[in-house]
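Structure assessment
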Amino acid sequence: MISVDQEKAWVQGALAGDRTAFTSLVEAYKNPVYNLCYRMLGTSTEAEDAAQEIFVKIYRRLHTYDPDRKLSSWVLSVASHHCIDRLRRRRLQTVDIEEMPEWQPLVSDRPQPERQLLDSEQEARVQQLLEYLEPGYRVPLIMHYWNDLSYQEICEATGLSLSAVKSRLHRARLKLAELMRAHAPDLIPLMAQAKEKVEA
Amino acid sequence: MNNCDEILELISLQLDEALEAADANRLTLHLTHCPDCALAFSELQAVDALFHRAPMKYAPSGFTTRVVDAAFADALRYNLRLGVVGLMVGTLVISVILIMGQASLVWTVLSILFAPGFLSSGSLWMGEFWQALMIGGRVSLSVLDILRGLLLGPLLVPSVLSLLCGAFVTVLIQRKDQQTLTMT
Ligand SMILES: [Zn+2]
């Protein structure tokens, strides 16, 4: 866990042109920022490009950072806006559910052992599901699940109101459930089990 | 007022552990007698579990160095651009002041440039070549006259000062950037 004082020292050092200070800042935030870019943009190449551009932007705009604000919210706010801009430029519009392409068939039907993290196949489909959400709904979801931000912190990072954050998270989940029900009921055995239990 | 839409929103809050006890009880009660909401609950729970299990994507190795290099190179370019723009604006302002002080000489040059037969002649015939050369010579002399006026005139001190300031700022910017670069 990084202390607030330490972060303030990094910002001040970086503002004075101290390379080591800025390196520490990048080191601390590279994974959250990279993950956000990957989840938003979908490929590692684009994620790396975007993440680099974001840190260049952060360094250039460091003098506009308000030290009373949480550094993580500010960094993630710059990052999410950058990704949304990039998506807008790419004109990658979200696809209607009706237009959704066929899911890639599973490579094998072997039973999946219980595991903490998803395997790469499931992981790819999580990413696929994510990309069907509108960027404005994807951002709060990513911040919630991967960056472990509270509702309040998501508000700060996105500029949305508390009720908007709650409703976007909720609607994103509803949409994901709908997508999974229609296209990937096999994705989690948990879901099928739960369904049987209810119908019984 | 236990309508199902409201219950759905409670489910999301419940998943985020952001539900107050009273609402949590209301939710549990509703789920026991509403199969639709119970199904929605299990589905949303599954979505939640799935995303909680999705791993973090990590930045590739060497990322930090590349990013810091790029940020500092960008800052260097930015500072240089800023310095150059500053110098240009400063020079422009000083030039305007100086030229206003030498308005009569500028007027001389302009009147020569716009004299009949100089700029208006599209192509020069051999016979007019010497004439053009003569006019060119007169323009050059007038420009020299302006320069002489500027250098010897009362604005000599401010113009030299502005040049020195410009040079000083440039050196400062370069030294700061070299400092940051040598820290690599
Ligand atoms: Zn219900």
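In what follows, the structure referred to is the one given above.
Residues numbered from 1 in each chain as written. Chains lettered and ligands numbered in written order. Predicted model: local features only at pLDDT ≥ 70, side-chain atom pairs only at ≥ 80, totals over all residues. Heavy atoms only, no water.

**A few points about the overall build of chain B**
- Helix and strand counts for chain B stand at 7 helices and 0 strands.
- Taken from N to C terminus, the helices and strands of chain B fall in the order α-α-α-α-α-α-α.
- By the burial criterion, 30% of the 184 residues in chain B qualify as buried.
- Partitioning the intrachain contacts of chain B with sequence separation of at least 6 by distance along the chain shows that 63% fall at a separation of at least 24.
- As displayed, chain B offers around 12,000 Å² of accessible surface, 70% of which is attributable to carbon and sulfur atoms. (Helix = DSSP H or I, 4+ residues; strand = E, 2+ residues; numbered from the N terminus. Buried < 20%, exposed > 50% of the residue type's maximum accessible area, 1.4 Å probe, protein only. Contact = heavy atoms within 4.5 Å. Areas by Shrake-Rupley, 256 points an atom, 1.4 Å probe, with all protein chains shown as cover.)

**Description of the nonpolar core**
- Within the largest apolar cluster, 83 residues are counted, with the highest numbers of intra-cluster contacts made by Phe22, Val33, Cys37, Ile58 and Leu141 of chain A together with Phe51 of chain B.
- Broken down by element, the residue count for this core peaks at 11 residues, all from helix H2 (residues 19-41) of chain A.
- Residue contacts for phenylalanine 22 of chain A: discarding those within four places in its chain leaves Ala14, Phe55, Ile58 and Tyr59 of chain A together with Val68, Ala71 and Phe72 of chain B. (Core = buried A, V, L, I, M, F, W, Y, C linked by side-chain atoms within 4.5 Å.)

**Observations regarding the interface of chain A and chain B**
- At the interface, 51 residues of chain A touch 44 residues of chain B.
- For the pairing of chain A and chain B, the buried interface totals around 4,600 Å² over both sides, and the portion due to carbon and sulfur atoms is 69%.
- Remark: the boundary between chain A and chain B carries 7 salt bridges.
- For the pair chain A and chain B, the number of links is 17 residue pairs in polar contact (both at pLDDT 80 or more).
- Of all the secondary-structure elements, those providing two or more residues to the side of chain A that touches chain B are H2, helix H3 (44-60), helix H5 (120-130), helix H6 (135-145), helix H8 (162-183) and helix H9 (189-199) of chain A.
- At 12 residues, H2 of chain A tops the list of elements feeding residues into the side of chain A that touches chain B. (Buried area = accessible area lost by both parts, 1.4 Å probe. Salt bridge = Lys/Arg side-chain N within 4 Å of Asp/Glu carboxyl O. Polar contact = N/O pair within 3.5 Å; in protein donor to acceptor, adjacent residues only side chain to side chain.)

**Comments concerning the coordination of the zinc ion**
Residues and elements named next belong to chain B.
- Looking at the zinc ion, one finds its protein donor set to be Cys4 (SG), His30 (NE2), Cys34 (SG) and Cys37 (SG), positioned 2.1 to 2.3 Å from the metal centre.
- Around the zinc ion, the 4 donor atoms are arranged such that angles at the metal cover 100 to 117 degrees; this shape is classified as tetrahedral.
- In primary sequence terms, the donor set of the zinc ion follows C-x25-H-x3-C-x2-C. Note that cysteine 4 is positioned in helix H1 (residues 4-15) and histidine 30 in helix H2 (residues 21-33), a separation of 26 residues in sequence.
- According to the relative accessible area criterion, histidine 30 is buried, its value standing at 4%. (Donors = N, O, S within 2.8 Å, 3.2 Å for Na, K, Ca; no water. Tetrahedral: all angles 85-135°; square planar, octahedral: opposite > 155°, others 65-115°.)

**Quick look at the pattern of salt bridges**
Residue and element names in this part refer to chain A.
- One pass over the full model with this rule turns up 17 salt bridges over all chains.
- For arginine 86, the salt bridge goes to glutamate 46, with nearest N and O atoms at 3.3 Å. Of this pair, arginine 86 sits in helix H4 (residues 71-90) while glutamate 46 sits in helix H3, and the two are 40 residues apart along the sequence. The pair formed by arginine 86 and glutamate 46 is uniform in burial state, with each residue classed as buried.
- Aspartate 85 is the partner of arginine 88 in a salt bridge, and the nearest nitrogen-oxygen pair spans 3.5 Å. With a gap of 3 residues between them, arginine 88 and aspartate 85 both fall in helix H4, about one helical turn apart.
- Shared partners join several salt bridges into a network, and the residues in it are Glu46, Glu53, Arg86 and Arg90.

**Brief notes about the packing of aromatic side chains**
- Evaluated as defined, the whole model comprises 7 aromatic pairs over all chains.
- Measuring from centroid to centroid gives 4.7 Å for tyrosine 59 of chain A and phenylalanine 72 of chain B, while their planes differ by 25 degrees, and the two rings are stacked. A residue pair is termed interchain when its members come from two chains, as with tyrosine 59 of chain A in helix H3 and phenylalanine 72 of chain B in helix H4 (residues 63-101).
- Between tryptophan 146 of chain A and phenylalanine 51 of chain B the ring centres are 6.0 Å apart and the planes differ by 75 degrees, which places this aromatic pair in the edge-to-face class. A residue pair is termed interchain when its members come from two chains, as with tryptophan 146 of chain A in the loop between H6 and helix H7 (151-158) and phenylalanine 51 of chain B in helix H3 (residues 35-53).
- By relative accessible area, which is 0% here, phenylalanine 51 of chain B ends up buried. (Phe/Tyr/Trp six-rings, centres within 6.5 Å; stacked < 30°, edge-to-face > 60°.)

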